[in-house]
Amino acid sequence: MKDITIHPRTTVKKAMEALDKTAEKVLLVVDKNRTLIGTLTDGDLRRHILKGRDLTDIIENAFYTNPVFIFQEDFDPDKIKSVFLKNKINLIPVLDKNRRVVDFITWEKAFGNNKKLENQKLDIPVVIMAGGKGSRLDPFTKVLPKPLIPLGDKTVIDRIIDNFRIYGIYKFHLTIHHMSKIIRAYFEEKNPNYSIEFTEEDEPRGTAGSLKLLKNKLNGPFFVSNCDIIIEADYADIFRFHTKNSYDVTLVASARQFNIPYGICNLNGNGSLKMIQEKPEYNFLVNTGLYVLNPGVIDLIPDNQLFHITHLIDKVKENNGITGVYPVSEKAWIDVGQWSEYRKALKVIENI
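Predicted, not measured: the structure shown is a model, and the values here were computed from it.

Caption draft 1: Inspection of the overall build of the chain at higher detail. Broken down by element type, the chain carries 11 helices and 19 strands. Each principal axis of the C-alpha atoms in the chain carries an extent, and together these give about 70 × 65 × 45 Å. Taking all 352 residues of the chain together, 45% fall into the buried category. Taking the contacts inside the chain whose residues are at least 6 apart along the sequence as the reference set, 67% of them involve residues at least 24 apart. Accessible area of the chain: about 18700 Å², with a carbon and sulfur share of 49%. Across the chain, the centroid of the 49 positively charged side chains sits 2 Å from that of the 45 negatively charged ones.

Caption draft 2: How the structure looks around the packing of helix 1 (residues 12-21) against helix 2 (residues 42-50). Here helix 1 crosses helix 2 at 150°, and the two axes come no closer than 11 Å. As summarised for this structure, helix 1 and helix 2 are arranged roughly antiparallel, according to the angle between their axes. For the pair helix 1 and helix 2, the sense of crossing is left-handed. Only Asp-42, Leu-45, His-48 and Ile-49 of helix 2 make contact with helix 1, whose side of the interface consists of Val-12, Ala-15, Met-16 and Leu-19. Taken together, the residues that form the contact of helix 1 with helix 2 break down as 6 nonpolar, 1 polar and 1 charged.

Caption draft 3: Main features of the pairing of strand 15 (residues 263-267). By the bridge criterion, 5 bridges tie strand 15 to strand 16 (residues 273-278) in an arrangement that is antiparallel. Pairing of Asn-266 across the sheet is with Met-275, part of strand 16. As consecutive antiparallel partners, strand 15 and strand 16 are separated by 5 residues, and within that stretch Gly-271 has a phi angle of approximately 95°, a positive value.

Caption draft 4: Representation of the pattern of salt bridges within the structure. Tallied over the full model, the rule gives 17 salt bridges. For the salt bridge of Glu-200 with Arg-184, the shortest nitrogen-to-oxygen distance reads 3.2 Å. Here Arg-184 lies in helix 7 (residues 180-190) and Glu-200 lies in strand 11 (residues 195-200), a separation of 16 residues in the sequence. Close ionic contact of Arg-240 with Asp-237 constitutes a salt bridge, the shortest N to O distance being 3.4 Å.

Caption draft 5: Seen up close, the packing of aromatic side chains. Going through the model one piece at a time under the given rule, you end up with 13 aromatic pairs. Each ring, one from Tyr-167 and one from Tyr-235, has its centre 5.7 Å from the other, and the planes form 5°; the classification is stacked. One end of the pair, Tyr-167, is in the loop between helix 6 (156-165) and strand 10 (171-176); the other, Tyr-235, is in helix 9 (residues 235-244), and 68 residues separate them in sequence. The pair Tyr-167 / Tyr-235 is uniform in exposure class, with both members buried. Classification of Tyr-235 by relative accessible area gives buried; the value is 3%. Among the aromatic residues, those joined into a ring-pair cluster are Phe-164, Tyr-167, Phe-172, Tyr-194, Phe-223 and Tyr-235.

Caption draft 6: Seen up close, the pairing of strand 2 (residues 26-30). Extensive coverage of strand 2 is indicated by the burial of 5 of its 5 residues. The two faces of strand 2 match: Val-26, Leu-28 and Val-30 on one face and Leu-27 and Val-29 on the other face are all buried. Inspection of the sheet shows strand 1 (residues 5-6) paired to strand 2 by 2 bridges, in the parallel sense. Its bridge partner lying in strand 2, Thr-5 is registered against Leu-28.

What counts as what
- Residues numbered from 1 in each chain as written.
- Predicted model: local features only at pLDDT ≥ 70, side-chain atom pairs only at ≥ 80, totals over all residues.
- Heavy atoms only, no water.
- Helix = DSSP H or I, 4+ residues; strand = E, 2+ residues; numbered from the N terminus.
- Buried < 20%, exposed > 50% of the residue type's maximum accessible area, 1.4 Å probe, protein only.
- Contact = heavy atoms within 4.5 Å.
- Areas by Shrake-Rupley, 256 points an atom, 1.4 Å probe, with all protein chains shown as cover.
- Lys, Arg positive; Asp, Glu negative; His and termini not counted.
- Charge placed at Lys NZ, Arg CZ, Asp CG, Glu CD.
- Axes fitted to C-alpha atoms, helices over the stretch in contact; angles between N-to-C directions.
- Parallel < 35°, antiparallel > 145°, perpendicular 65-115°, else oblique.
- Left-handed = near helix turned anticlockwise from the far one by under 90°.
- Nonpolar A, V, L, I, M, F, W, Y, C, P; charged D, E, K, R; others polar.
- Pairing = 2+ DSSP bridges.
- Salt bridge = Lys/Arg side-chain N within 4 Å of Asp/Glu carboxyl O.
- Phe/Tyr/Trp six-rings, centres within 6.5 Å; stacked < 30°, edge-to-face > 60°.

Printed below as a string of structure tokens:
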């Protein structure tokens, strides 16, 4: 049995790293005797983080304490399937008579790899902002437009689209400007098995301005992605999070922890030393460049102006709208927008 257990005294940061390593996307919380005391999902950690808690907190107050399970002696394939269907879960732990974890059953194992949960499929459009010059990646982008930069054996934009295609999404809009003819030619030659439409800017309009050109083509909620980021997350869950909470905008953010390797001087108001804080750790939620937007927010974008997504979020707030934040782990976000991050991304892709 693959070990997907975790101790309740583990930190949130370590738990996020453990979840990143397991395809099951759930951890079984056990005591020192492997007795099941709960389950932990990325949703549990997300709710914990959104309460303003630190990544250094232990998971003791984050995991679910009343999980669904079956006893080893009651193991029956038909019964297991009914438990899956009733509870809409992805994994069921198997316990011995003393409630110790001895195995687990996944949805795929019970139903076969081709049978997926119905709520994992999405039928919504995706807008990919692909019009920028990518000047931070010079001299690469003097030859190729940023979306077509290779990342392993695929281009960046192919990897972005492939992640959406997993969820059945087939309609994509590309906003283009810099080296637009090359991007058009690439997809014409590729002849993909999904729908792709181009919207060309006559001049750069920022990270949100070009959405105005799509006003009559987007009638429901839609994803927006920068063309230099790859997010390894549950897109169906992101969309459910957006609609369930009735947000106008949902921003996907990476939970990052920054360690200062020095003693930090905190001062009193008169300039004297108050205290030295040794090697402090700070937690932030960093904007990744992936969003879900309601079509109504497009009306807030001015015509023919440089307008960034941060301006749009401010406008949403001014108009009493709400922007939600969906946290993902640090490793779930691959940024290829500058050389230092691109080199890191190459190493990550090599290890996938």
